[in-house]
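Analysis of the macromolecular model
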Number of protein chains: 4
Amino acid sequence: MNETKKPSFTCDYEEGAHPAILTRLQETNWCKAAGYGLDEFSESARARIRMAIDCPDAEIHFLAGGTQANAVMIDALLAPYQGVIAAESGHVSLHEAGAIERTGHKVLAVRQENGKMSTADVKAAIGAWEDDLNREHMVMPGMVYVTHPTEFGTLYTLAELEEMSALCHEHGLRFYLDGARFAYALACPENDVALTDLPRLFDAFYLGGTKCGALLGEAAVFPKPGTVPHFFSIQKQHGALLAKGRLLGIQFDELFRDGLYERIGVPAIEAANRIRAALRQAGFSLCYGSPTNQSFALVADSDLPRLGSLAVYDFWEKADADRTIIRFCTSWATTSEDVDALVAALAQW
Amino acid sequence: MNETKKPSFTCDYEEGAHPAILTRLQETNWCKAAGYGLDEFSESARARIRMAIDCPDAEIHFLAGGTQANAVMIDALLAPYQGVIAAESGHVSLHEAGAIERTGHKVLAVRQENGKMSTADVKAAIGAWEDDLNREHMVMPGMVYVTHPTEFGTLYTLAELEEMSALCHEHGLRFYLDGARFAYALACPENDVALTDLPRLFDAFYLGGTKCGALLGEAAVFPKPGTVPHFFSIQKQHGALLAKGRLLGIQFDELFRDGLYERIGVPAIEAANRIRAALRQAGFSLCYGSPTNQSFALVADSDLPRLGSLAVYDFWEKADADRTIIRFCTSWATTSEDVDALVAALAQW
Amino acid sequence: MNETKKPSFTCDYEEGAHPAILTRLQETNWCKAAGYGLDEFSESARARIRMAIDCPDAEIHFLAGGTQANAVMIDALLAPYQGVIAAESGHVSLHEAGAIERTGHKVLAVRQENGKMSTADVKAAIGAWEDDLNREHMVMPGMVYVTHPTEFGTLYTLAELEEMSALCHEHGLRFYLDGARFAYALACPENDVALTDLPRLFDAFYLGGTKCGALLGEAAVFPKPGTVPHFFSIQKQHGALLAKGRLLGIQFDELFRDGLYERIGVPAIEAANRIRAALRQAGFSLCYGSPTNQSFALVADSDLPRLGSLAVYDFWEKADADRTIIRFCTSWATTSEDVDALVAALAQW
Amino acid sequence: MNETKKPSFTCDYEEGAHPAILTRLQETNWCKAAGYGLDEFSESARARIRMAIDCPDAEIHFLAGGTQANAVMIDALLAPYQGVIAAESGHVSLHEAGAIERTGHKVLAVRQENGKMSTADVKAAIGAWEDDLNREHMVMPGMVYVTHPTEFGTLYTLAELEEMSALCHEHGLRFYLDGARFAYALACPENDVALTDLPRLFDAFYLGGTKCGALLGEAAVFPKPGTVPHFFSIQKQHGALLAKGRLLGIQFDELFRDGLYERIGVPAIEAANRIRAALRQAGFSLCYGSPTNQSFALVADSDLPRLGSLAVYDFWEKADADRTIIRFCTSWATTSEDVDALVAALAQW
């Protein structure tokens, strides 16, 4: 059937896992391993991640998904009366069905531009609380949350993150990175934030597996061990502790073997660059300035059916009455055949 | 090394997954699938489960683990002021690090015998609330929670569950089954509770994957669709929704293909029966009367080192100053070589 | 001392209670009464309120304070996955230290003008959820929260509330009034929302006591009885049920005796009108257009010390680098001597 | 009407407040005071309480009721993964509608005798967690909760509390006193626990007002200031901060003026002693051995109607098929006329 041949770029979790992961699952299937992340695979994965981020003492736990990682870590890091500052477009602000609020914490939304907050706006949000005479009646900001790449595919510069990190620490806030798509930052020439920068910038962060080649899983990292006492129990209490922790350990052991995590996003970025060039060539305006695996185009609504016949894209948002922003998302699994097909079709636009 | 050859019976989640699951993961790896459980694999798995439980309208969702399934489903089914009646030895009472209380609900513990509650005790617990003049100052029982097999490997009879189900429904409570090890009940000749009995007995239940041959996953079933509106959002809000829902769908599609779920526990039960016979023969008393994949023996502390040199067992609890109850747990993955080795060694006791 | 003679207009809860309340407390002190709001005083108060709002079946409970009333009622009315739409300046948005989020619900902030939301903006917020393809990953709006008078002293028109009520009910949302200062609306000629309008407009509301002449207390009203089953237990579970419910019953029985609640704010409004006229006369700009007991003036920072020597006012917010908005708040207890003093002083400005 | 003359002993919160409180409310009614407990009355009350407990640095906050005090303080003192050890008959275990669980914490119930836990049982409960290999899957005990007097009117000895306090602190747990009826302990000759003992025994406690002569209110005491950072915000977030904090301040200022709190329970104890003697004389068995203001009698069901014609008592619990335990509760407000009447009637039994 023709339909099945149409290339699809709807998200970065359409396929299974990187082949190395499946092979390793097969090879290790009959090994007996301890439960709950205490197995040798998880230990090995932790050792590799510590090496990759150059932080030999980091405390590392594995979680099943991004919303879960955010909810468990943010709840564990905040006092009950604290909230988390995040871009109004941040994943925790908008697309987690209230998972943060469910743990009792307010998301303190800050204006964004192309998915990024400015240090000035974050500073203003902190100041608004600090300077208010009634601040004890208000939610105290206890953390700043950033995504990198952002939900719009954009990147902070290292300098921006250093500035924001310093701001947080001056004011006693935690600085936290949601790295759901961090592998796509690493693969992107425009990115200047290395794995080894993370431990000194952030009090806690997670490195995404689900969107970066794993079947599921995120690696939660606390550069300073003991940052959250009894994190194991907290995971369990949140229903976020897998009995067969090996499943997460094996995957991160593969993702961080021989630097795979730093390479796995490369085809996604190359594909995205080709798609962006072709879109531009075909006369479409690109949005937000994303240099990573997500590409956004502004499209007249009347062009949508024809575009939809060429490839499966993702609806992003209505730009105005007559135009829509759509997303083409590539991933570690994107094939050059699919990109060729789309590029060729756009060349005829 | 000798050590690695010592057979291990510490739990039923020591290995990876049933080979059919790994094969299917491999075969489907490059298929593109929708996220969040809306994929065709999950749909197929749902269809197979509906067929197996003979309940064409059942609403089915997949969750990652047992504690998560309990917390999400129980929270979703109870009003905020309600609690859940459970055996004092129930998984929700003891071994979920307070996951149920974290959702705001009290576990109303009831006396157990060999892991089972009697209908009379449950009735008394309900009556204690109903008859109390101050009941509006107390936690209203909103649900009865049972495990089958129980944490002690024992089984309710169908008649007992029918009686408890009727009791619940007369008094307006939900009846809920934690079926983490249900496949081991199905494989056990002493069991008379069929998959097809579950929809009429229970308002909600989950069929365990993690302990029954999957890498991870539990199938949450609401026989009556719409029992919990917006369960999808609730899952998301609990951090319990996998982006790659296919991972759970594929596994349950395999577990319920050609009746595998009803057969997968058979080797575990056969192995357990052989181990129990050998233990008895060697002069050990068995505890609790478990006919399923968990076997418990009462052992003089002075015998523990020698037993430990024969096989890896699980410490269960101190019986008294000089004696300990230990557990031998078999699973779908237990090999006859391992059982042979233990049985042979016990024959020499 | 001179200082103590300086009139104070910092808030509407500086004094104790209306004398009728103290007298009644004295008279009834030795009467024995049932606990937890089941006493005859509370029953009488409920009867008077039902009469005043012309809603013979209304279910009425008494709570201790405004934040408590909002948190308990909003939590009781929303499903766990729902949030509440409120003005970004709403009490629940800003000044309850995250009490709503603590119950697990997101406050969905909407743009305000002079403390009021427009129906169009509320409609857009509801539509943003309804029209989003990913809405099941987002917080569903379950309620619209308004204050009347608002935090800025302004009033909705009856027509505006009717429109917003219709909007809510068309879309399946609850409509909720925080009436902390409702007595000041009732005393204000510009107000066209009567007590008898509330039951048809709102699914739930509370009539403020703390700011309107009581020592403490708010009357929570559900026009349709049974709107929230087991509200009594919910109150208790929130720590929001007073043992000596008589204390609240007696106060509301007095506040609603012979229409006191509709008259008690009159001196506050008269005083505020005199203060506003005097401020205007003295050349200050008034802000927000409040016609109720709160008056806001835009003041050059250099004028603050002299103003502060005349009367105690409340800092509201910085308007810009050189100017501040300050508040003069009158109440049921404001004396004409205090107003005379301020007006006389302003006349010399 | 005769009925109204029948003496009533149903609970210790049937009347209003001690006359000194009402007088002071009257006297201070027109004084302007700061809100939220920052007023001079509250400050004065704090100073008097610090003096009475001989703890000049104690941090003191006022709350509205007992369930609220327990929920706010216990939640504030525990880590999210911790639970509170309490007698199975403790107020937090049974009669707070799940208020503790609502804050996410499990109540770890321990066997009681006459309302008291033994240090041995508490030690065993702590040990059960500490010694369990799977303790990270279980709820960690973080606090021990006692009531004094207990729900059964009984008293711990100072030696018992010292022992339990030492046990708690050896094992890193907090020790917490619910002193809802502490004034009745102070008035009781059998009691050897003084106000001045509390700061060295307990990490936190509250001294009851509601049941001891106030209209409402409990004084929460942290002997070590800063035990809970931002307690003010926590109170607010729980909806447990009164705007007119003066109402609580004034009452505790009176209760602790000239040692009133230590005397206020004396008539209650004298009355209870007379009632107990009369009940014994009339041939009834007393239960639990309460020496305080609550008296319990074992009564044949057939005697209940006649007893009920003499006085209003409180149903406590069914003892067996034919007998009931009933409670006679006296208070600071009990009159000698009422006691005379009951004693005279019992003399004729």
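Each remark here, short or long, concerns the structure printed above.
For every chain, the first residue of its written sequence is number 1, and the numbers climb from 1 along that sequence. Written order determines the labels here, with chains lettered from A and ligands numbered from 1. Reporting in this predicted model follows two pLDDT cut-offs: at least 70 for local features of residues, and 80 or more for side-chain atom pairs to be given and counted; totals over whole chains, interfaces and linings ignore these cut-offs and use all residues. With hydrogens and water set aside, each side-chain value is computed from the structure's full complement of heavy atoms.

1. Quick word on the overall build of chain A
Counting from the N terminus, the helices are DSSP H or I runs at least four residues long and the strands are E runs at least two residues long. In terms of regular secondary structure, chain A is built from 16 helices and 11 strands. With the radius of gyration taken over C-alpha atoms, the globule rule is written as 2.2 Å times the number of residues to the power 0.38. A compact globule built from 349 residues should have a C-alpha radius of gyration of about 20 Å, and chain A, at 21 Å, falls within 12% of that. Taking the principal axes of the C-alpha coordinates as reference, chain A spans close to 60 × 60 × 35 Å. Buried, partly exposed and exposed residues are distinguished by accessible area as a fraction of the type maximum, computed with a 1.4 Å probe on protein chains only: under 20%, between the cut-offs, and over 50%, respectively. In chain A, which comprises 349 residues, the share counted as buried stands at 66%. Accessible surface, chain A as shown: approximately 12100 Å² in total, 51% of it carbon and sulfur. To measure how exposed things are, a 1.4 Å probe is used in the Shrake-Rupley method; for residues, cover is taken only from the protein chains shown.

2. A word on the sheet that holds strand 7 (residues 218-222) of chain C
Residues and elements named next belong to chain C. For two strands to count as paired, DSSP must find a minimum of two bridges between them. Across the sheet, 7 strands lie side by side as 1-7-6-5-4-2-3; this open sheet has mixed pairing. Edge strands, defined here as strands with exactly one partner in the open sheet, are strand 1 (59-63) and strand 3 (107-110). Neighbouring strand axes in the sheet, compared pairwise and without regard to direction, differ in orientation by 25 degrees on average. For strand 5 (residues 174-179) and strand 6 (residues 204-208), the ladder comprises 4 bridges, and the chain directions are parallel. In the strand pairing of strand 6, Leu177 is matched with Phe205. Residues are treated as being in contact if the distance between any of their heavy atoms lies within 4.5 Å. Lines fitted to the C-alpha atoms define the axes, with helices restricted to the stretch that makes contact. Angles between their N-to-C directions range from 0 to 180 degrees. Contacts from helix 6 (residues 119-130) reach strand 2 (82-87), strand 3 and strand 4 (140-147) within the one sheet, and its direction differs from that of strand 4 by about 165 degrees.

3. Focus on the side chain of Gln235 of chain D
Turning to its location among the elements, Gln235 of chain D is positioned in helix 10 (residues 231-237). In this structure, Gln235 of chain D is in contact with His61, Phe62, Leu63, Ala240 and Leu241 of chain D, ignoring residues within four places of it in sequence.

4. Observations concerning the interface of chain B and chain A
At the junction of the two partners, chain B supplies 46 residues and chain A supplies 47 residues. With both chains or domains summed, chain B and chain A bury close to 4100 Å², and 55% of this area falls on carbon and sulfur atoms. A per-residue breakdown of the area chain B buries against chain A is headed by Lys32, Arg102 and Lys244 of chain B, which together make up 19% of the total. Throughout this description, the term salt bridge denotes a Lys or Arg side-chain nitrogen within 4 Å of a carboxyl oxygen of Asp or Glu. Run the count over chain B and chain A and you get 6 salt bridges. Between Asp75 of chain A and Arg102 of chain B there is a salt bridge whose closest N-O contact spans 3.8 Å. Elements supplying a minimum of two residues to the side of chain B that touches chain A: helix 1 (19-28), helix 3 (66-77), helix 5 (99-102), helix 10 (231-237) and helix 11 (246-255) of chain B. When residues of the side of chain B that touches chain A are assigned to their parent elements, the largest contribution, 4 residues, is made by helix 1 of chain B. By definition, the buried area sums, over both parts, the 1.4 Å-probe accessible area that each loses when the two are put together.

5. A closer look at the pattern of salt bridges
Residues and elements named next belong to chain B. Evaluation of the coordinates by the stated rule reveals 72 salt bridges over all chains. Arg46 serves as the salt-bridge partner of Glu43, at 2.8 Å between the closest nitrogen and oxygen. Pair noted here: Glu43 and Arg46 are both in helix 2 (residues 40-52), with a separation of 3 residues, about one helical turn. For Glu43, a relative accessible area of 39% corresponds to the partly exposed category.

6. Here we look at the packing of helix 2 of chain B against helix 11 of chain B
All names here are of chain B. Viewed as axis vectors pointing N to C, helix 2 and helix 11 meet at an angle of 35 degrees, and their least axial separation amounts to 7 Å. For the pair helix 2 and helix 11, the crossing hand works out as left-handed. Along its contact with helix 2, which presents Phe41, Ser42, Ser44, Ala45, Arg48 and Ile49, the element helix 11 presents Arg246, Gly249, Ile250, Phe252 and Asp253. Tallied by class, the residues present in the contact of helix 2 with helix 11 amount to 5 nonpolar, 3 polar and 3 charged. Each crossing is labelled by how the near helix is turned from the far one, with a counterclockwise turn of less than a right angle marking it left-handed and a clockwise turn marking it right-handed. Ten residues, namely Ala, Val, Leu, Ile, Met, Phe, Trp, Tyr, Cys and Pro, are considered nonpolar, four, namely Asp, Glu, Lys and Arg, are considered charged, and the remaining ones, Gly among them, are considered polar.

7. Let's talk about the interface of chain C and chain A
The extent of an interface is frequently quoted as the accessible surface area lost upon association of the parts. Between chain C and chain A, the residue contacts involve 18 residues of the former and 18 residues of the latter. The junction of chain C with chain A conceals about 1400 Å² of combined surface from both sides, 56% of it contributed by carbon and sulfur atoms. Its largest share of buried area at the contact with chain A, chain C owes to His95, Glu101 and Lys106 of chain C, together 33% of the area lost on that side. For the pair chain C and chain A, the number of links is 2 salt bridges. Linking Glu101 of chain A and Lys106 of chain C is a salt bridge whose minimum nitrogen-to-oxygen distance equals 2.7 Å.

8. So, the relation of the copies chain C and chain A
The copies were overlaid by least squares, fitting only the C-alpha atoms of residues that reach a pLDDT of 70 or more in each copy. When chain C is fitted to chain A, the residual RMSD is 0.0 Å, and the transformation amounts to a turn of 180 degrees plus an axial shift of 0.0 Å. Such a turn and shift between the copies fits a two-fold axis. Of all interface residues in chain C, 100% are interface residues in chain A too; the two copies therefore contact each other through one and the same surface.

9. Some remarks on the pairing of strand 6 (residues 204-208) of chain B
Residues and elements named next belong to chain B. Counting buried positions along strand 6 gives 5 out of 5 residues, so the element sits mostly inside the fold. Note: strand 6 against strand 7 (residues 218-222), 4 bridges, orientation antiparallel. Opposite Gly208, over in strand 7, you have Glu218 as the bridge partner.

10. Observations concerning the packing of aromatic side chains
Side-chain rings of Phe, Tyr and Trp (the six-membered ring for Trp) are treated as a pair once their centres are within 6.5 Å; stacked means planes under 30 degrees apart, edge-to-face means over 60, and tilted covers the remaining angles. One pass over the structure, following the stated rule, counts 64 aromatic pairs over all chains. Taken together, the aromatic side chains of Phe62, Phe252, Phe256 and Tyr261 of chain A make up a single cluster linked through ring pairs. The cationic tip of Arg306 of chain A hangs over the ring face of Trp349 of chain A; the distance from NZ or CZ to the ring centre is 3.9 Å. Note on criteria: charge over ring means Lys NZ or Arg CZ within 6 Å of the ring centre, with the direction from the centre no more than 35 degrees off the ring normal. The positively charged end of Arg135 of chain D is found above the aromatic ring belonging to Trp129 of chain D, 5.6 Å away from the centroid.

11. A closer look at the packing of helix 6 of chain C against helix 7 (residues 158-170) of chain C
Residues and elements named next belong to chain C. With their axes 10 Å apart at the nearest point, helix 6 and helix 7 run at an angle of 10 degrees to one another. In terms of orientation, helix 6 lies roughly parallel with respect to helix 7. Between helix 6 and helix 7, the contacting residues are Thr119, Val122, Lys123 and Ile126 on the first element and Glu160, Glu163, Met164 and Leu167 on the second. Taken together, the residues of the contact of helix 6 with helix 7 sort by class into 4 nonpolar, 1 polar and 3 charged. With respect to orientation, any angle under 35 degrees is reported as roughly parallel, any angle over 145 as roughly antiparallel, any angle of 65 to 115 as roughly perpendicular, and every other angle as oblique.

12. Brief notes about helix 8 (residues 158-170) of chain A
Residue and element names in this part refer to chain A. Each helix should span, by expectation, one fewer than its residue count multiplied by 1.5 Å. Taking 1.5 Å per residue as the helical rise, helix 8 with its 13 residues ought to reach 18 Å, and the 18 Å between its terminal C-alpha atoms agrees with that figure. By the burial criterion, the buried members of helix 8 are Leu158, Leu161, Met164, Ser165, Leu167 and Cys168. Residues of helix 8 that are buried make contact with helix 7 (119-130), strand 4 (140-147), strand 5 (174-179) and helix 10 (198-201). Immediately downstream of helix 8, the backbone of Gly172 shows phi near 75 degrees, a positive value.

13. Notes on the relation of the copies chain B and chain A
When chain B is fitted to chain A, the best match, at an RMSD of 0.0 Å, comes from turning it 180 degrees and sliding it 0.0 Å along the axis. Both copies share a contact surface, since 100% of the interface residues of chain B are interface residues in chain A too.

14. Some points on the environment of Leu161 of chain B
Assignment of secondary structure puts Leu161 of chain B in helix 7 (residues 158-170). The residues touching Leu161 of chain B, leaving out its near neighbours within four places in the chain, are Val146, Tyr156, Phe175, Val193, Leu201 and Phe202 of chain B.

15. So, the sheet that holds strand 11 (residues 323-329) of chain C
Note: strands within a sheet are paired through backbone hydrogen bonds, in either parallel or antiparallel orientation. Residue and element names in this part refer to chain C. With respect to topology, 4 strands assemble into an open sheet ordered 8-9-11-10, the strand pairing being antiparallel. The open sheet has two edge strands with one neighbour each: strand 8 (285-286) and strand 10 (314-318). Where strand 8 lies against strand 9 (residues 294-300), 2 bridges are found, and the strand directions are antiparallel. If you follow Ser285 over to strand 9, its bridge partner there is Leu298. Here helix 13 (residues 266-281) sits on the sheet in contact with strand 8, strand 9 and strand 11, set at roughly 20 degrees to strand 9.

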